[in-house]
Amino acid sequence: MKFSCLSKGGNFYFPPCHIITVSGFRILLDCPMDLSSLRIFSPIPIHAFSTGELPSPDPVDPKRQKREKPIDSSQLIRAQPWFKTVASLHLWNVPFIDVVLISSPVGMLGLPFWTRANGFRAKIYVTEVTARIGQLMMEDLVSMNKEFRQFYGSEESGSPQWMNWEKLELLPSLFREIVLGEDGAELGGWMPLYSADDVKGCIQKVHTLKYSQEICYNGTLIIKAVSSGLEIGTCNWTVNGPKGNIACLSSSIFDSSHAMNFDYHALQGNDLIIYSDFSSPALEDVKDKSYYSAPICQNSSTLSANDDREGPAELLLSTSESLEEMEKLNFICSCIIDSVKAGGSVLIPIGRLGTILQLLELISLSLEASSLKVPIFIISSVAEELLAFTNIIPEWLCKQRQEKLFAGEPVFAHSQLIKEKKLHVFPAVYSPNLLEPCIVFSPHWSLRLGPVVHLLRRWCGDESSLLIIEDGVDAGLALLPFKPMTMKVLQCSFLSGIKVVRLQKVQPLLKILQPKSVLFPEDLRQLISHSDTNSPTFFYYRENETLRMPSLKDGSELKIAADAVSLIHCRRLKAERIDIGRLKGELSLTNGKHQLCSGSEQADSSSNEPPLLHCGSLDLERLLAVLEKKGIRGTVQQGNNDSDSENVHIVHVYEPSKALIEVRKNSTVISASNETLSSLIFNAVDSILSDI
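Residues numbered from 1 in each chain as written. Predicted model: local features only at pLDDT ≥ 70, side-chain atom pairs only at ≥ 80, totals over all residues. Heavy atoms only, no water.

**Student:** I tried to follow the packing of aromatic side chains on my own but got confused; where do I start?
**Tutor:** When we look at a pair of aromatic rings, we describe it by the centre distance and by the angle of the planes. Throughout the structure, instances matching the rule amount to 18 aromatic pairs. Note on Y211 and W396: the rings are 4.6 Å apart at their centroids and 55° apart in plane angle, and the pair reads as tilted. Of this pair, Y211 sits in the loop between strand 9 (206–209) and strand 10 (214–217) while W396 sits in the loop between helix 11 (383–390) and helix 12 (399–406); the two residues are 185 residues apart in sequence, bridging distant segments of the chain. When its relative accessible area of 4% is taken as the criterion, W396 is described as buried. Every member of this aromatic cluster is reached through a ring pair, and the members are Y275, F520, F538 and Y540. We note R352 situated over the ring of F12; from NZ or CZ to the ring centre the distance is 4.1 Å. (Phe/Tyr/Trp six-rings, centres within 6.5 Å; stacked < 30°, edge-to-face > 60°. Helix = DSSP H or I, 4+ residues; strand = E, 2+ residues; numbered from the N terminus. Buried < 20%, exposed > 50% of the residue type's maximum accessible area, 1.4 Å probe, protein only. Lys NZ or Arg CZ within 6 Å of the ring centre and 35° of its normal.)

**Student:** When you look at a negative patch on the surface in this model, what are you seeing that I'm missing?
**Tutor:** A cluster of like negative charges, contributed by E177, E182, D183 and E543, occupies part of the molecular surface. Mapped onto the secondary structure, E543 falls in the loop between strand 22 (537–541) and strand 23 (546–548). We classify E543 as partly exposed; its relative accessible area is 32%. (Patch = residues over 30% accessible without salt bridge, like charges linked within 9 Å, V, L, I, M, F, W, Y side chains within 5 Å. Areas by Shrake-Rupley, 256 points an atom, 1.4 Å probe, with all protein chains shown as cover. Salt bridge = Lys/Arg side-chain N within 4 Å of Asp/Glu carboxyl O. Lys, Arg positive; Asp, Glu negative; His and termini not counted. Charge placed at Lys NZ, Arg CZ, Asp CG, Glu CD.)

**Student:** Help me out: how do you make sense of the packing of helix 2 (residues 128–152) against helix 11 in this one?
**Tutor:** A pair of packed helices can be characterised by two numbers: the angle between their axes and the separation between those axes. Running from amino to carboxyl end, helix 2 crosses helix 11 at an angle of 165°, the nearest separation of the two axes being 10 Å. By the criterion of interaxial angle, the relationship of helix 2 to helix 11 is roughly antiparallel. Like other packed secondary-structure pairs, helix 2 and helix 11 cross with a definite hand, here left-handed. Only E385, L386 and F389 of helix 11 make contact with helix 2, whose side of the interface consists of V129, R132, I133 and L136. Residue composition of the contact of helix 2 with helix 11, grouped by class: 5 nonpolar, no polar and 2 charged. (Axes fitted to C-alpha atoms, helices over the stretch in contact; angles between N-to-C directions. Parallel < 35°, antiparallel > 145°, perpendicular 65-115°, else oblique. Left-handed = near helix turned anticlockwise from the far one by under 90°. Contact = heavy atoms within 4.5 Å. Nonpolar A, V, L, I, M, F, W, Y, C, P; charged D, E, K, R; others polar.)

Right under this line is the structure:
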């Protein structure tokens, strides 16, 4: 097996991307886009739809001297945005990818770039919910990008002006690093956004699955998706085949307040676990000793194989993280209430569906408790379809949500809020019914495209208004086009997976799953304790490197039909201490398992025909003695085969006529002048070797 990490990802919106080669098949794990790179572009100018002269799309003034200075909005690239894909993926030949596994909606945003390519033939597997949500996200992205197309016009063929090397050298160093990457090799990953037809063609090639539904690829690999708990429809993958069983562990949440919980039991007993949780801290944070406490590492590393499994399970099912998330959401609601009480509006450009649904519930309760009548708006081209879709997928939700359905209550509050006209859904920002102050959910979290740009420009000078963005986004760069701004900004972090720094979660999980081997990011090597002699074997991977894994299984299992077993006549080979027999049958590979069925004929060793197969080493001195008894004389000499430098022993027969016997390691060739002599020599060889 081979493993290649094409990208370690960056955050919730940019998951990792890997390629694994198993049983001769190449499997692509997720196909995301780095939408955080949109920060280097300027939003649509304020006068975009005025009759005035349009601004030049040139990103920089060619006469400006190249020197570092504080970045301002004038240095943002004023052109139609291009989108940054995984650059290393472009180095792979598209027709050579056999399978694509998608773990989350954000993990498929880059997929249309590849499905439209000539020669793409891979099978794409994704859960039903992820496929639908991912489709809506891609359609919304295309819709938001239309505003740029209308402003800048149709794109010219070839690369845009800002990608010329002379222009790139004039960009601020931060922008150059975003464009080129740390190693300067990511320029080839930038592409213009796909079209609505590309999205439609991509979805037509997708094969959808339910949780725990098994599907067989090419009769060899058994592929299954199990819940990860991160978002509605997100999953981890298991790939079982004759060469071993593999579990791909992406970002997962044990106790979710909206999605089905992380089904880690389904990952037990695999030969290999690929750990790919992008919520892991960076290496710089790992080196900081204050980032994690020694007692936690000590407690986790002392877990032994003799401990009861309920101990680790209790640690995994702890609700402390979900309670922290709920406290965080309640704090956000309190900040929202304070802003609307002061007469300001609240703008929430968050792209997490589950977080949006929970905030809607909590905000409505807080407004009711405060006796405030402030309208809530969701502005998006796909908002209506997305909210309607969440009402018909109860089987993909957590148990608490399913119990609400059984009790006759709506699984989420947005349906009732719409009926009570407390929540309003608009496809675009240009609505006459947008009353202020208000609370608005709208894309895009990059603050470069979508309704959020227009609303942020409207409220950025209002000190009573509030903008809520996610932690991990460079707020200084993201807010650059809207400065100076007096609007308050609240930056929050949300749970995005297993926190590796809390080893009481990771190592107990591995103890329960009991894999033979674990593939772990090299950056996190220091966080793993190896004091337990029963711990799995760890292998560490780096970005843009291919890791060759040792064989996951010593051999393959073979299922032999009952009628075929009775036809096998074995004989004992004393030297090798094994029983061996011959059977003529049909060998097939079905559902990842080898099967042997009996053929119409059986090779019987008692027949008059000479056996065709022999085993053992040919003793040349003994062969000369047997030939002597048959009246055949010869001499032995050692030769050399020039073609493959294999040692060859040659027996020259000179009486009763000339013949030649070439004895190699795996074969013996008899060349004689007549059939009678060759038959006598064959019988002599047959009497020495064991036949099958």
